[in-house]
There are 2 protein chains.
Amino acid sequence: MTTYSAPVEDMMFLFEHLKDNKHYNEIEKYKEVNSELVKDILDEAAKINQDLILPLAKVGDENPCVYENGVVRTPPGYKDVYSKYIQDGWTSLSCDPKYGGQGMPKTVSTFFEEMLSSASLSFKLYSELSIGAYNCILHHGSDEIKNKFLPKIVEGKWSGTMCLTEPQCGTDLGLIKTKAVKDENGLYKISGQKIFITSGDHDLTDNIIHLVLARTPDAPKGTRGISLFLVPKFWVDDNGSVGPRNGVNTVSIESKMGIKGSPTCVLSFENASGFMIGPENKGLNSMFTMMNLERIVVGIQGLGISETAYQTALSYSKERKQGKSNDNSNGETDLIIKHADIRRSLMNMKSIIEGERSLAFWMSQQVDVSLNHSSSEVKKNASGIVALLTPVIKSFFTDMGMEITNEAIQIFGGYGFTKDQGIEQLFRDNRITPIYEGTNSVQAIDLVFRKITEDETFKNLISNIEEEIDQCSKNEKLSKHLNSINDFKKRLIEFTNWINPKGSTPKNDISASCNDYLKFLGYFCLSFVWLKTLRKSYENYDQNTEFYDDKINTGNYYFEKIIPRAEAHYKSAVVGSKYTMDAKFN
Amino acid sequence: MTTYSAPVEDMMFLFEHLKDNKHYNEIEKYKEVNSELVKDILDEAAKINQDLILPLAKVGDENPCVYENGVVRTPPGYKDVYSKYIQDGWTSLSCDPKYGGQGMPKTVSTFFEEMLSSASLSFKLYSELSIGAYNCILHHGSDEIKNKFLPKIVEGKWSGTMCLTEPQCGTDLGLIKTKAVKDENGLYKISGQKIFITSGDHDLTDNIIHLVLARTPDAPKGTRGISLFLVPKFWVDDNGSVGPRNGVNTVSIESKMGIKGSPTCVLSFENASGFMIGPENKGLNSMFTMMNLERIVVGIQGLGISETAYQTALSYSKERKQGKSNDNSNGETDLIIKHADIRRSLMNMKSIIEGERSLAFWMSQQVDVSLNHSSSEVKKNASGIVALLTPVIKSFFTDMGMEITNEAIQIFGGYGFTKDQGIEQLFRDNRITPIYEGTNSVQAIDLVFRKITEDETFKNLISNIEEEIDQCSKNEKLSKHLNSINDFKKRLIEFTNWINPKGSTPKNDISASCNDYLKFLGYFCLSFVWLKTLRKSYENYDQNTEFYDDKINTGNYYFEKIIPRAEAHYKSAVVGSKYTMDAKFN
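Since the model is a prediction, treat every value here as computed from it, not as a measurement.

**Student:** Before we move on, could you go through the overall build of chain A and cite the residues and values that matter?
**Tutor:** Scanning chain A for helices and strands turns up 18 helices and 11 strands. Sorting the 586 residues of chain A into buried and exposed places 58% on the buried side. Across chain A, the fraction of contacts at a sequence separation of at least 24, relative to all contacts at a separation of at least 6, is 75%.

**Student:** Could you give me a rundown of the environment of A:Phe449, with the residues and numbers involved?
**Tutor:** Here A:Phe449 is to be found in helix H12 (residues 440-451). As a C-alpha pair, A:Phe449 and A:Ser511 span 62 residues in sequence and 8.7 Å in three-dimensional space.

**Student:** Describe the packing of helix H10 (residues 376-411) of chain A against helix H13 (residues 455-472) of chain A, naming the residues involved and giving the relevant values.
**Tutor:** Residue and element names in this part refer to chain A. Where H10 contacts H13, the axes come no closer than 9 Å and their chain directions differ by 85°. In terms of axis orientation, H10 runs roughly perpendicular to H13. Packed against H10, whose contacting residues are Asn381, Gly384, Ile385 and Leu388, the element H13 presents Glu456, Thr457, Phe458, Asn460 and Leu461 at the interface. Within the contact of H10 with H13, the residues separate by chemical class into four nonpolar, four polar and one charged.

**Student:** Provide a residue-level description of the relation of the copies chain B and chain A, including the pertinent values.
**Tutor:** You can overlay chain B on chain A at an RMSD of 0.0 Å; the transform is a turn of 180° with a shift of 0.0 Å along its axis. Expressed as a symmetry operation, the mapping of one chain copy onto the other fits a two-fold axis. The C-alpha atom lying nearest the rotation axis in chain B is that of B:Ala568; the distance is 3.1 Å.

**Student:** Tell me about the pairing of strand E6 (residues 207-214) of chain A, and name the residues and values.
**Tutor:** Residue and element names in this part refer to chain A. Taken across its eight residues, E6 has seven buried, putting it largely inside the fold. The pairing of strand E3 (residues 158-163) with E6 spans six bridges and is classified as parallel. Paired with Met162 across the strands is Leu211, a residue of E6. With six bridges connecting them, E6 and strand E7 (residues 227-232) associate as antiparallel partners. Considered in E7, the bridge of Val212 is made with Phe229.

**Student:** Run through the interface of chain B and chain A, naming residues and quoting values.
**Tutor:** Size of an interface: often given as the accessible area lost when the parts come together. With 69 residues of chain B at the interface, the matching set in chain A holds 69 residues. Broken down by secondary-structure element, the contributors of at least two residues to the side of chain B that touches chain A are helix H9 (340-372), helix H10 (376-411), helix H11 (423-430), helix H15 (507-539), helix H16 (545-562), helix H17 (564-574) and helix H18 (578-582) of chain B.

**Student:** Describe the environment of B:Gln193, with residues and values.
**Tutor:** Residues and elements named next belong to chain B. Mapped onto the elements of the fold, Gln193 is located in strand E5 (residues 188-198). The exposure class of Gln193 is partly exposed, given the 17 C-beta atoms found within 10 Å. Separated by 16 residues in sequence, Gln193 and Lys177 have C-alpha atoms that sit 8.5 Å apart. Ignoring sequence-local partners within four residues, the contact set of Gln193 consists of Glu166, Pro167, Val266 and Ser268.

**Student:** Lay out unusual backbone geometry with the relevant residues and their values.
**Tutor:** Residue and element names in this part refer to chain A. Positive phi values are uncommon outside glycine, yet Asn69 reaches one of about 50°. Within the fold, Asn69 resides in the loop between strand E1 (66-68) and strand E2 (71-73). C-beta crowding within 10 Å serves as the criterion here: with 4 such atoms nearby, Asn69 is assigned to the exposed category. The phi angle at Phe196 is positive, at roughly 55°, despite the residue not being glycine. Position of Phe196 among the secondary structure elements: in strand E5 (residues 188-198).

**Student:** Tell me about the nonpolar core, residues and numbers included.
**Tutor:** A:Leu211, A:Phe229 and A:Tyr517 are the most contacted members of the largest nonpolar core, which has 174 residues in total. Here the element with the most residues in this core is helix H15 (residues 507-539) of chain A; it accounts for 15 residues. Other than its neighbours up to four places away in sequence, A:Tyr517 contacts A:Ala444, A:Val448, A:Phe495, A:Ile499 and A:Ala573. In this structure, B:Tyr82, B:Ile137, B:Ile296 and B:Phe412 belong to the second largest nonpolar core, which totals 171 residues.

**Student:** Give a detailed account of helix H9 (residues 340-372) of chain A, specifying residues and quantitative values.
**Tutor:** Over its 33 residues, H9(A) runs 47 Å from end to end, which matches the ideal 48 Å to within 8%, given 1.5 Å per residue. Counting buried positions over the 33 residues of H9(A) gives 31, a clear majority of the element.

**Student:** Tell me about H17(B), and please be specific about residues and values.
**Tutor:** Side chains three or four residues apart in an α-helix point the same way, a direct result of the helix having 3.6 residues per turn. The complete set of buried residues in H17(B) reads B:Pro564, B:Ala566, B:Ala568, B:His569, B:Tyr570, B:Ser572 and B:Ala573. The elements touched by buried residues of H17(B) are helix H16 (545-562) and helix H17 (564-574) of chain A together with helix H14 (479-499) and H15 of chain B. Following H17(B) by one or two positions, B:Gly576 has its phi on the positive side, about 95°.

**Student:** So what's going on with the environment of B:Met402? Residues and values would help.
**Tutor:** Take B:Met402: it is sitting in helix H10. With 21 C-beta atoms packed within 10 Å, B:Met402 lands in the buried category. When the C-alpha atoms of B:Met402 and B:Arg428 are compared, they prove to be 8.9 Å apart, with 26 residues separating the residues in sequence. In this view, B:Met402 contacts A:Asn406, B:Asn430, B:Arg431 and B:Pro434; residues no more than four positions away in its chain are not counted.

About the cut-offs
Note that residues are indexed from 1 along each chain, following the sequence as it is written. Throughout, the order in which chains and ligands are written sets their labels, letters from A for the former and numbers from 1 for the latter. Under the rules for a predicted model, residues below a pLDDT of 70 receive no local features and side-chain atom pairs below 80 are neither given nor counted, while totals for whole chains, interfaces and linings still include all residues. Put simply, DSSP marks the helices as runs of H or I at least four residues long and the strands as runs of E at least two long, and each gets a number from the N terminus on. Neighbour density around each residue's C-beta defines its exposure: 20 or more other C-beta atoms within 10 Å make it buried, 12 or fewer make it exposed, and counts between make it partly exposed, where C-beta atoms are placed from the backbone. What counts as a contact is two residues whose backbone-derived C-beta atoms lie within 7 Å of each other. For every element, the axis is a line fit to its C-alpha atoms; helices are fit only across the contacting stretch, and the angle between N-to-C directions ranges from 0 to 180 degrees. Our angle categories are set so that under 35 degrees counts as roughly parallel, over 145 as roughly antiparallel, 65 to 115 as roughly perpendicular, and the remainder as oblique. Ten residues, namely Ala, Val, Leu, Ile, Met, Phe, Trp, Tyr, Cys and Pro, are considered nonpolar, four, namely Asp, Glu, Lys and Arg, are considered charged, and the remaining ones, Gly among them, are considered polar. When the copies are superposed, the least-squares fit draws on C-alpha atoms of residues that have pLDDT of at least 70 in both. For two strands to be treated as a pair, DSSP must find at least two bridges joining them. Only buried residues count toward a nonpolar core: Ala, Val, Leu, Ile, Met, Phe, Trp, Tyr and Cys, linked into one set through C-beta atoms within 7 Å. Given the number of residues in a helix, its expected span is that number minus one, multiplied by 1.5 Å.

This is the structure in structure tokens:
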């Protein structure tokens, strides 16, 4: 089995020392969310994730969801743990107290998202989309709808889905065919087929609330004619009790390479009754409220899985003896953790993972500000940063997740390829994360064509970084890294100017380089948060020398060994796309 | 299912225009192996691989080998195709006519190895280790042993295995515990457990010939006390007929993430009778004859799987419509192959795959020279090059195989994660290739600590490259690439001097950088063969403009878009290993 002990100490370091966004600290309702409270939450979260949820990962892989006689059954044990999970209130962690939530900020709930991803992605997905549905309904539903559906979702008794994809359309939602026809009661009758619906059907909750994209009869073509509908699996009476089955049926579930404990469904809507959510033909906008937060969470999935892969490989490297290291003095076989090459591999993982966690925490503060600050100007600025970095977190973290799970397998040698160790499962489970919620290429296109074109936001990001550089300039120990980050920043600006669609670079050159740009920005952002972490580590050094020595060492590793990768992406990008576009592919 | 049409045209281009090793062309017995003969062989090979073997890939994945009542059964259909396969003589392709082989050079058999890897790695492994055993026995067995065992192996009626790994030792063979005690007849009684034995037991052949590493009672400790034994599953009479079962039993087969159609066995040897092969305590040397050629073949597996992944993704990208490309003029949804980012991904694959095929062909000529040239000096030089580049081909091709199968999945979007398309199977199947026959880290260590230290050989490689550069200097169209390869060569020499263990670089710095060096050399070697390919493409341009336009475009792509990656490996390596070694990993 895999090894996982929740990194509570690292999380508490972030919460105590890197909660430095002044606008975040101005949010009134989060002032009571103090270290003591957060530590309690994380300790409890660690327990349920380590003790109850982690074992479900292997169970789900070995006993995938089953579809029989129109019903989807979850793997053994999922039901019991899910009951305990909602009883302890974990679905409600970040939700509004008005609907029964605990009102925790993203700075806290993101830690929980990471732990849950580390323990079992399959199990996580049952409640993850519920939170997505919650966010979407909260922002776009009428009060009536909110009062009817949110409390049960927050409680975890009902779950949610996002129904976007159809056989002919994944990335390109303009091709959606599902129809919605208004009936005499102001409701809509939804008909069509949706595929790849995560948690589309299962036996953990009493009801499933589908959020469905569809077209009304006279809707304009393409993405401008899509509306959003709430379609429950079982109809809900005015008094909130669950009534008869609605016209939503499960056609099949996918046979997949990973996340086998999570059912990926083909759903057929046949005159299913639903409510329109938000304005007609603006469904994509409404869905994107859900999608954007969800995309960050998918990035966190990559981080969480990476952490488990790292810990599992680390623990194996402290047990397995093989060969003699360079520093061998006693002539006996060494633990493989003594070998420089194994250490390099572990340090690659560790320096990326801790950087990602720190970036996620920085981003969480921005998300909290964007949702909760009292000034609309401040909110807008934070929203800009969130929008800019969402595709980076989604893609970079999940791509790194593939690299990290791949390296972790390698540390196990032949044992890594067998099912016994659980490490290959992490590699397979993580493989969905660069795909769903918009493939990583779609994210890169979004980043370049829609996000960096917002000049103010990009400037805002750069000034955040310059502020940090400025603060670090007093610390001599950081001077080497400051040089390196200044060069890096210069290059980032150069690269951004080159790729900005408002400039003169041909469009195909831009499109062919989006992925390289995203990776470059990802490595850059990690260097930014590592710089911050290093500064704080020196500032607080005496409080915990062992912890900070480790942080400083890992940060130094990132600066020296990881940053060189970024330049290759720049160099390969700016040569353009002549040979890419000239290829005949016969 | 996957798409695969054997790249016979590209192979014939190599055979006709890049068979330029003058020593290869001096080998008397290969003078009759002309283009016409090779084309016939490749056409036949394409047929059996495309029509009969390719479909077995999915069958084996869905119906893995079964171990029941001490017997291993292969997936449905494997037996019939294997019969046809040996009847058509494919196992004998590269074997000595003296034992019933067809005596084809590696330049030809390597093409076949690639095709077979493209079609089904699981199916391939049944005969692949037979060829390994054949090579080992051919070089180290007595005439009696050779006459007794080789004809049946060449015919494919018997198969072979390599029994090295034990639970406590994979990479570090010095830890082997299996015992071999001499009996009164001069035979040995072998006892011990071997794990991860590919094709260790199955129902395709009448007998299985195990080559087993073990220790005689008074053997020195470590790798200097290991001898090699031939242990047949069924005893073989002096007249060559198969007798009673020997003391080799299958304990279990592994449950693995991929190559499920190939049984990976735990074998228990209990007083099993065997012959010693080669001199006592020199077993590792003898086994390495088998291992080294086998390592090249594992590299070819990575190439073969990459080709199928590429073709499958390419074919999907010509069917799937999604979004509008930058060059869209009719307002209709475009095929995804029109999108610049998809094209970049496909060109990454194509430029690496064709480069690898060309490097494998160049290497095959060296192998043929090393085994068959009349001058022992020439043989020795070629052997040096083969030894130097074996770890590069093994590791670089298999790592690139992971990158390529990963990118291929991505092109499929959500469909790539499901079992239906077969693309995720390639990703899983290929995952064993960076592990077996010595992990890629072991290869990198071998490259740096044992191979580049041979100064003459390294000089020889460089002078091969300089000769090519010299020949290209007449072609103005190549001048830009010549600048780039000259810089690259300078950097290679710099990197080599830095990492050479005979220099002053600390040993841990070297060990921590081996993998980076191997990748660097891999990218470099591909640039060398691409240069060669480009020169030949210009020289022969008028003979087939469409083919050469494509080659030139792909080569140009490699030079511009892929080469920048190498520098990151250099930069990350030469900073050393301070933070790698200082890490506490608590």
